[in-house]
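The lines below spell out each chain.
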Amino acid sequence: MDAARRRERETRLPGSGRHGGELLQTGLRVLHALLYRGWGRAGACDPGLAQLAQATALARSTVQAAIDRLEAAGILLRVRRGLVIGGRWAQVTNAYLFRAPKLWLPSDTGCRSASDSRDKNQGEIVFWEGDTSGQPPAWIAETLHRWGWEAPPAEPPGGAGEAYASASV
C-alpha cells in the first residue's frame with residue numbers, strides 16, 4: 001500500500017485541474033480492499049464487484065474503473081473466471097494477482113488518466129514491459145488450463161512466477 005500511495009503522490013500534477021494522480025483515491029481504496037479484505041477461505045484473492053463496492057463504499061462502476069486503472073498501472077493482473085451453464089458462459093468472480101512494486105509498469109500518464117494512455121496501445125497485447133510475444137507467460141497459461149480455459153503450455157511453468165507475489169504490494 002505504501003508503494004501505491006507513493007505512486008499516487010508522484011503522478012499527481014499540482015495545478016493540472018485533476019484531483020489526484022494515476023490511481024486516484026478510489027484506486028487506493030479498491031487496492032486496500034483487495035489486499036486486506038479480498039482473500040477468500042481458499043487463499044485466493046477473488047472478491048466480487050458487489051463485495052468490493054460494499055467494502056469501499058463506492059459504486060460498482062467506480063470499483064470497475066479503479067480496477068482498470070490498477071491493471072493499467074501494472075499493479076495487478078485480473079484473471080477473468082466463468083462457468084458454462086446450460087451451454088452458455090457465465091461470469092464468476094475475477095481472481096487477482098499482485099505484482100511486486102519494483103516490477104510495476106513505469107508511469108507515462110503525466111496529467112492524462114490511465115485509461116487515456118491505454119488507447120495508444122490498442123490491438124497490441126502486452127502482459128508486462130518488454131513482452132512482445134502476445135502470449136501469456138507459462139505459469140498463467142498453466143493456471144488457465146487448470147481452470148479449464150486453454151490448452152496446457154508447451155513448457156512447464158517457471159521463472160516468470162516471481163513477477164507476481166501474493167500480497168507483497
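Up top is the structure these notes are about.
Computed from a predicted structure; not experimentally measured.

Caption draft 1: Broad picture of the packing of aromatic side chains. Here the structure, examined in full by the defined rule, presents 1 aromatic pair. Aromatic pair Trp39 and Phe98: ring centres 6.0 Å apart, planes at 50°, arrangement tilted. Of the two residues, Trp39 sits in the loop between helix 2 (24–37) and helix 3 (49–56) while Phe98 sits in strand 2 (residues 88–99), which places them 59 residues apart along the sequence. Trp39 gets classed as partly exposed once you look at its relative accessible area, which sits at 30%.

Caption draft 2: Seen up close, unusual backbone geometry. The backbone phi angle of Leu24 is positive, close to 65°, even though this residue is not glycine. Since its relative accessible area comes to 26%, Leu24 is described here as partly exposed. Unusually for a residue other than glycine, Ala57 sits at a positive phi of about 60°. Structurally, Ala57 is set in the loop between helix 3 and helix 4 (60–72). Classification of Ala57 as exposed rests on a relative accessible area of 63%.

Caption draft 3: Focus on helix 4. Given a rise of 1.5 Å per residue, 13 residues ought to cover 18 Å, and the 18 Å separating the end C-alpha atoms of helix 4 matches this to within 8%. Those residues of helix 4 that sit buried are Val63, Ala66, Ile67, Arg69 and Leu70. Projected onto a plane normal to the axis of helix 4, the buried residues spread over an arc of 160° and lie on a single side. One or two steps after helix 4, the chain reaches Gly74, where phi turns positive at roughly 80°.

Caption draft 4: Representation of a nonpolar patch on the surface in the model. Taken together, Val84, Trp89, Trp147 and Trp149 make up a surface patch of nonpolar side chains, about 450 Å² in accessible area. Looking at the element boundaries, Trp149 is found in the loop between helix 6 (138–146) and strand 3 (164–165).

Conventions and cut-offs
Residues numbered from 1 in each chain as written. Predicted model: local features only at pLDDT ≥ 70, side-chain atom pairs only at ≥ 80, totals over all residues. Heavy atoms only, no water. Phe/Tyr/Trp six-rings, centres within 6.5 Å; stacked < 30°, edge-to-face > 60°. Helix = DSSP H or I, 4+ residues; strand = E, 2+ residues; numbered from the N terminus. Buried < 20%, exposed > 50% of the residue type's maximum accessible area, 1.4 Å probe, protein only. Expected span 1.5 Å × (residues − 1). Arc of directions from axis to C-beta. Patch = residues over 30% accessible without salt bridge, like charges linked within 9 Å, V, L, I, M, F, W, Y side chains within 5 Å. Areas by Shrake-Rupley, 256 points an atom, 1.4 Å probe, with all protein chains shown as cover. Salt bridge = Lys/Arg side-chain N within 4 Å of Asp/Glu carboxyl O.

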